[in-house]
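Next come the chains, spelled out residue by residue.
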Amino acid sequence: MHENPITRPIAELSADLRLGKLTSIDLLENALDRVAMLDRKLQSFVCIAEDARAQAAAADREIAQGRWRGPLHGVPVAVKDNYLTADMPSRAGTDAPGVHFARQDSAVVAKLREAGAIIVGKTRMHEFAWGNVTPPSKNPWDLSRVPGGSSGGSGAVVAARIVPMAMGSDTGGSIRIPAALCGTVGLKPTFGRVSRAGIVPHSWSLDHAGPLSYTVADSVYALNAIAGHDPKDPGSARSDVPDFTAALGQPITDLRVGICRNHMFANNQPDVDAAIEAAIRFYRDAGAQLVEFELPILAFSLGAIFAIELSSSTAYHSRNLASGAVTGFTNDVRTLVEMGRLVTGPDYLKAEQLRRVLIDDLAKVFADVDVIIGPTCPLTAWPIGDRTVRVGAQDESVLAASWRLTYPWNLAGLPAISLPCGFDSTGLPIGLQLASRPFDEMTLIRAADAYESGHGWKEMQPKL
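Residues numbered from 1 in each chain as written. Predicted model: local features only at pLDDT ≥ 70, side-chain atom pairs only at ≥ 80, totals over all residues. Heavy atoms only, no water.

The name an unreviewed UniProt entry assigns to the protein chain is Indoleacetamide hydrolase, from the organism Bradyrhizobium erythrophlei. Its UniProt record, at the heading Function (unreviewed entry), says of the protein chain: "Hydrolyzes indole-3-acetamide (IAM) into indole-3-acetic acid (IAA)." In its Sequence similarities (unreviewed entry) section, the UniProt entry covering the protein chain states "Belongs to the amidase family." (UniProt positions renumbered as here; feature names shortened; annotations may be inferred.)

Engineer: Would you mind going over the pattern of salt bridges with me for this structure?
Structural biologist: Pairs may arise between side chains of opposite charge once their charged atoms sit close together. Scanning the model with the defined rule gives 22 salt bridges in all. Put simply, Arg356 and Asp360 hold a salt bridge, and the shortest N to O gap is 3.1 Å. Placement of the pair is Arg356 and Asp360 together in helix α12 (residues 345-365), with a separation of four residues, close to one helical turn. Residues participating in the shared-partner salt-bridge network are Arg256, Asp370, Arg437 and Asp440. (Salt bridge = Lys/Arg side-chain N within 4 Å of Asp/Glu carboxyl O. Helix = DSSP H or I, 4+ residues; strand = E, 2+ residues; numbered from the N terminus.)

Engineer: I keep staring at unusual backbone geometry and nothing clicks. Help me out?
Structural biologist: Glycine aside, a negative phi is what most residues show, and trans is what most peptide bonds show. Going from Pro135 to Pro136, the amide bond is cis rather than trans, its omega being 0 degrees. Assignment of secondary structure puts Pro136 in the loop between β3 (118-123) and α5 (152-159). Here Ala129, not a glycine, exhibits a phi torsion of approximately 65 degrees, which is positive. Inspection of the secondary structure assignment puts Ala129 in the loop between β3 and α5. Non-glycine residue Phe439 carries a positive phi angle of around 65 degrees. Relative to the helices and strands, Phe439 resides in the loop between β13 (429-436) and α15 (441-453). Phe439 gets classed as partly exposed once you look at its relative accessible area, which sits at 30%. (Buried < 20%, exposed > 50% of the residue type's maximum accessible area, 1.4 Å probe, protein only.)

Engineer: Would you mind showing me how to read the pairing of strand β8 (residues 289-293) here?
Structural biologist: Residues in a regular strand project their side chains so that they alternate between the two faces of the sheet. Relative to β8, strand β7 (residues 256-260) runs parallel, the two sharing five bridges. For Arg256, the partnering residue across the bridge sits in β8 and is Gln289. Each parallel crossover has a hand, and for β7 linked through helix α8 (residues 270-285) to β8 it is right-handed. (Pairing = 2+ DSSP bridges. Right-handed = clockwise from strand over helix to strand, strands pointing away.)

Engineer: Would you explain the packing of aromatic side chains in this entry?
Structural biologist: A ring pair, where both rings are aromatic, is described by two values, the distance of the centres and the angle of the planes. Per the counting criterion, the structure on display carries nine aromatic pairs. Relative to Trp403, the ring of Phe306 lies with its centre 6.3 Å away and its plane at 70 degrees, an arrangement referred to as edge-to-face. Note that Phe306 is positioned in helix α9 (residues 301-316) and Trp403 in the loop between α13 (398-402) and α14 (407-411), a separation of 97 residues in sequence. A residue is classified by how much of its surface remains accessible, and Phe306, at 26% relative accessible area, is partly exposed. An angle of 65 degrees between the planes, with centres 6.0 Å apart, marks the rings of Phe423 and Trp457 as edge-to-face. Of the two residues, Phe423 is situated in strand β12 (residues 416-423) and Trp457 in the segment after α15; the sequence distance between them amounts to 34 residues. Overall, the relative accessible area of 26% leaves Phe423 in the partly exposed class. Residue Trp457 is classed as partly exposed on the basis of its relative accessible area, which comes to 28%. One cation-aromatic arrangement involves Arg161 over Tyr214; the distance from NZ or CZ to the ring centre is 4.3 Å. (Phe/Tyr/Trp six-rings, centres within 6.5 Å; stacked < 30°, edge-to-face > 60°. Lys NZ or Arg CZ within 6 Å of the ring centre and 35° of its normal.)

Engineer: Would you explain the nonpolar core in this entry?
Structural biologist: In a soluble, globular protein the nonpolar side chains are often hidden away together inside. Of all hydrophobic cores here, the largest spans 147 residues; its most connected members are Leu112 and Tyr283. Per element, the largest residue contribution to this core is eight residues, and it comes from helix α7 (residues 216-226). Once residues within four sequence positions are removed from consideration, Leu112 is found in contact with Leu72, Val79, Ala117, Ile119, Met165, Met167 and Ile226. (Core = buried A, V, L, I, M, F, W, Y, C linked by side-chain atoms within 4.5 Å. Contact = heavy atoms within 4.5 Å.)

Engineer: Please clarify how the sheet that holds β13 should be interpreted in this entry.
Structural biologist: In sheet architecture, strand pairing relies on hydrogen bonds along the backbone and comes in two forms, parallel and antiparallel. The eleven strands are arranged β1-β3-β2-β4-β6-β5-β12-β13-β9-β7-β8 in an open sheet whose pairing can be described as mixed. Looking along the sheet, the strands with just one partner apiece sit at the ends: β1 (45-48) and β8. With direction set aside, neighbouring strand axes in the sheet form an average angle of 30 degrees. Most of the contacts of helix α4 (residues 107-114) go to strand β4 (residues 165-170), to which it runs at about 160 degrees, and overall it touches β2 (76-80), β3, β4 and β6 (208-213). (Axes fitted to C-alpha atoms, helices over the stretch in contact; angles between N-to-C directions.)

Engineer: Would you mind going over the state of the cysteines with me for this structure?
Structural biologist: By definition, a disulfide is the covalent link that joins the sulfur atoms of two cysteine residues. Inspection of the entire model under this criterion finds zero disulfides. Not part of a disulfide, Cys260 finds its nearest cysteine sulfur in Cys377, a span of 16 Å. On the basis of relative accessible area, Cys260 is assigned to the buried category, the value being 2%. Free of any disulfide, Cys377 has its nearest cysteine sulfur in Cys182, 10 Å distant. In this structure Cys377 comes out as buried when scored by relative accessible area, which is 3%. (Disulfide = S-S within 2.5 Å.)

Engineer: What am I meant to see in the UniProt feature "domain: Amidase" (unreviewed entry) in the protein chain here?
Structural biologist: With numbering matched to this structure, UniProt assigns "domain: Amidase" (unreviewed entry) to residues 26-444. End C-alpha atoms of residues 26-444 are separated by 34 Å, and the span's content is 35% helix alongside 17% strand.

Engineer: Any chance you could explain helix α2 (residues 24-42) here in plain terms?
Structural biologist: Helical geometry note: an α-helix holds 3.6 residues per turn, so side chains three or four residues apart project in the same direction. The largest bend in α2 comes to about 40 degrees, at Ala36. Among the residues of α2, those classed as buried are Ser24, Leu27, Leu28, Asn30, Ala31, Leu32, Arg34, Val35, Leu38, Asp39 and Leu42. Contacts from the buried residues of α2 go to α1 (10-19), β1, α3 (52-64), β2, β3 and α5. Among the residues trailing α2, Gln43 stands out with phi positive, at a value near 50 degrees. (Bend = angle between axes of the 7 residues up to and from the residue.)

Engineer: What's the story with the packing of α2 against α3 in this structure? I'm lost.
Structural biologist: Helix-helix packing is described using two parameters, namely the angle between the two axes and the distance between the axes. At a minimum axis separation of 8 Å, α2 and α3 run at an interaxial angle of 150 degrees. Here α3 runs roughly antiparallel to α2, going by the angle between their axes. In this structure, α2 contributes Ser24, Ile25, Leu28, Glu29 and Leu32 to the contact, and α3 contributes Ala52, Arg53, Ala56, Ala57, Ala59 and Asp60. (Parallel < 35°, antiparallel > 145°, perpendicular 65-115°, else oblique.)

Here it is, written out as structure tokens:
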């Protein structure tokens, strides 16, 4: 029995809201109570919406009048601080003077409001979405450890059961890394599936918008609300948007599951490998076909995404570089923004050429498989302040290690999801990652939901 309604998944909340067993005001107060009780420890919200109660009251009136908008109607959610909002300031994680953002709703926030969601507040992020730690936010499973980044605040508030869904952004893993480290679901849709209009850019051709949530279904409800073409985003795709909930609860006996042994399993913590191997056995026992393959180009692609990310971030910050506003950035972000000046035109072109080869190689792989399985991260959450960590048999930079398994899906623009698949020997969550063909979120959701339904990981909550 759940002691607080807000800790329940969206499907349950939505059913009770529609039947009048719950009110949106009740849920909002539950969420705000948990913010007051827990966020002094987590430090994961940067702003609470002053109009949240008015939003909830309006939702209650509409639902009572039979004007139900869908599963998100009346449900409290949060958004990352790089999503522009009309009712709250946006800072993109920076305190630098001279940096300002418009008070208007991003396309995703507008769609969430249209779906009836209650935007409770904005979550903390690593400055300008650059890093993997999100200071000073903490991991709900162990307050001495990082929640991941750059959407660490969203990962923490969902893991702490403050809200069932929070939006994140993902350039090299920034939705899926916090999801893995905090034990939540994190969905990165196909590049172009969700509009990025009104989201402070990090890297134009790598940025993705997507949800972190309690369950796979919660992320699916969010995707249904936010997907679709938007002429205000030049990267937005003109692709049909199905009802993604149709993929929930479907069999996987025809599924072909690909396993890339030369990269995804090259150097992981033993507990991570053990959890993923158990997940692979689950798919085999459920009737899926396992297909092992190698993708040699992954040995060279980290340099490609780093060159693209550095140069495009520096291009975005050209005005801040010229004005000197970058002097107010944190040291790590300022260094990275300035480093982009060192990426030459030929360097950038070679990186884009490698990206094209990777996309073509993955297309050949997906002729024989439906999803690719592996760990989300090669390690679990590391102590706050640590710059290196033991991974497998060697010490490794946490920056290099944490996104080693997530960035390929940004470089290729493919949909990917992280979901809980167990815990390490110290009780920290482990993330399972699945990826699929472009615009084939239906297969991705089907595979993820089947695994989640066969396990009880989604019921596990940190004891804060």
